[in-house]
Amino acid sequence: MKRGIVVLCLCAVALAAYYTTDRWAIRHTMMTFHDVLREDRNVTVDVAVRRDREMQAMAEMVELPVAILSHGNTVKNTEYSFLTNLFASRGYLVISVQHDLDTDAPMVTRVGEEYVGRRMQYNRGDFNIMYAIEELKKIYPNADYRHLTLIGHSNGGDISMYFARQHPDMVKKVVTLDNLRVPFITDGKIKILSFRSRDPVFKADPGVVPDDEICAKAGIKVVRTEFQHNELSDRGPDNVKSSIEAKVQQFLDENDGPPPSPVPLLAAAAPNAANATEAGKK
């Protein structure tokens, strides 16, 4: 009955006048969860989803692919809208996780230690992602949490690669923007796209980025740019973001095929939008 009602509504809306944005009517919702197993630690996420795909998922017509975005050190999870909107426009449920809290101790570098002493931050990021997934399953049950796409900038790219190493059966693709510490996975089972900066300060540790021969065998795409490390977010100039978007679109076309065609929908929020926001506060 539920599916029939929603499908009927979709058909009715398709025949009516409707309003869409130039971003494929993408809705962003901020949610905060509290992890009781970690002293009620706040796990805040920005969820971006195309409204028509959200409605189709609610009607159990489709299963949404899931992308998890992890921010760089000192950058907020909301400062990658050029990427979250790109993935959402292609039908993904995009979850941007805020890993760092104001109460967290500053991240330090200990040269000579594994990951220069940052395993604690990577484990915390791993826990944040897993907890966010479990909570969002309650709100978006018709999404594919078994074949994740991970996206990350700098420290967030390292969190993404670390998560993929810890949970290889859950990860399908990884896109990194100049991660510096965690070595790439080279078994060829996970599709990897990585953008590398040309920055005199930020340099990848030895062994992080495989050589060209290994990349070719493993199907890893490395894009060497002239960009600065700190330009690889919304803070960067438009030409940087446009260049990254074009390469990501190509990568997704090769691995996902073309994006799904839009279904006309009213720009009003989905019926469960308010409930989802309130659920995130509990």
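Note: the structure precedes this text.
In this text, all values refer to a predicted model and were calculated from it rather than measured experimentally.

**Quick word on the sheet that holds strand S6 (residues 171-177)**
Reasoning step 1: With mixed pairing, eight strands are arranged side by side in an open sheet as S1-S2-S4-S3-S5-S6-S7-S8. The sheet terminates laterally at strand S1 (26-35) and strand S8 (221-224), the two strands that pair on one side only. Direction aside, neighbouring strands of the sheet carry axes that sit 20 degrees apart on average.
Reasoning step 2: One ladder, built from four bridges, connects strand S7 (residues 191-196) with S8; its direction is parallel. Following the sheet pairing, Ser194 is matched in S8 by Val222.
Reasoning step 3: Most of the contacts of helix H2 (residues 51-58) go to strand S2 (residues 41-50), to which it runs at about 100 degrees, and overall it touches S1, S2 and strand S3 (64-70).

**Focus on the environment of Ala218**
Reasoning step 1: Structurally, the position occupied by Ala218 is in helix H6 (residues 212-218).
Reasoning step 2: According to the relative accessible area criterion, Ala218 is buried, its value standing at 7%.
Reasoning step 3: Separated by 29 residues in sequence, Ala218 and Lys189 have C-alpha atoms that sit 7.9 Å apart.
Reasoning step 4: Those residues within four positions of Ala218 in sequence are excluded, and the remaining contacts are Thr186 and Gly188.

**Things to note about the packing of aromatic side chains**
Reasoning step 1: Counted under the stated rule, the structure contains four aromatic pairs.
Reasoning step 2: For the pair Phe87 and Tyr92, a centre-to-centre distance of 5.2 Å together with 85 degrees between the ring planes defines the contact as edge-to-face.
Reasoning step 3: By relative accessible area, Phe87 is classed as buried at 0%.
Reasoning step 4: Tyr92 gets classed as buried once you look at its relative accessible area, which sits at 3%.
Reasoning step 5: Among the aromatic residues, those joined into a ring-pair cluster are Tyr115, Tyr122 and Tyr162.

**Here we look at the nonpolar core**
Reasoning step 1: Within the largest apolar cluster, 43 residues are counted, with the highest numbers of intra-cluster contacts made by Val45, Ile68, Leu93, Ile95, Leu136, Tyr140 and Tyr145.
Reasoning step 2: Excluding residues within four positions of it along the chain, Ile68 makes contact with Ile95, Val97, Ile129, Ile133, Leu148, Thr149, Leu150 and Ile151.
Reasoning step 3: Ala48, Tyr80, Tyr92 and Ile244 belong to the second largest nonpolar core, which has 26 residues in total.

**Examining the pattern of salt bridges**
Reasoning step 1: Under the criterion given, the structure shown has 20 salt bridges.
Reasoning step 2: Among the ionic pairs, Lys217 bridges to Glu213, the shortest N-O distance being 3.5 Å. Separated by four residues within a single helix, Lys217 and Glu213 lie in helix H6, roughly one turn from each other.
Reasoning step 3: On the basis of relative accessible area, Glu213 is assigned to the exposed category, the value being 53%.
Reasoning step 4: Ionic pairing is found between Lys241 and Asp238, a salt bridge with its closest N-O pair at 3.5 Å. Separated by three residues within a single helix, Lys241 and Asp238 lie in helix H7 (residues 238-256), roughly one turn from each other.
Reasoning step 5: The class of Asp238 is exposed, set by a relative accessible area of 56%.
Reasoning step 6: Each member of the salt-bridge network shares a partner with another, and the members are Arg41, Asp100, Asp104 and Arg124.

The rules behind the values
Residues numbered from 1 in each chain as written. Predicted model: local features only at pLDDT ≥ 70, side-chain atom pairs only at ≥ 80, totals over all residues. Heavy atoms only, no water. Pairing = 2+ DSSP bridges. Helix = DSSP H or I, 4+ residues; strand = E, 2+ residues; numbered from the N terminus. Axes fitted to C-alpha atoms, helices over the stretch in contact; angles between N-to-C directions. Contact = heavy atoms within 4.5 Å. Buried < 20%, exposed > 50% of the residue type's maximum accessible area, 1.4 Å probe, protein only. Phe/Tyr/Trp six-rings, centres within 6.5 Å; stacked < 30°, edge-to-face > 60°. Core = buried A, V, L, I, M, F, W, Y, C linked by side-chain atoms within 4.5 Å. Salt bridge = Lys/Arg side-chain N within 4 Å of Asp/Glu carboxyl O.

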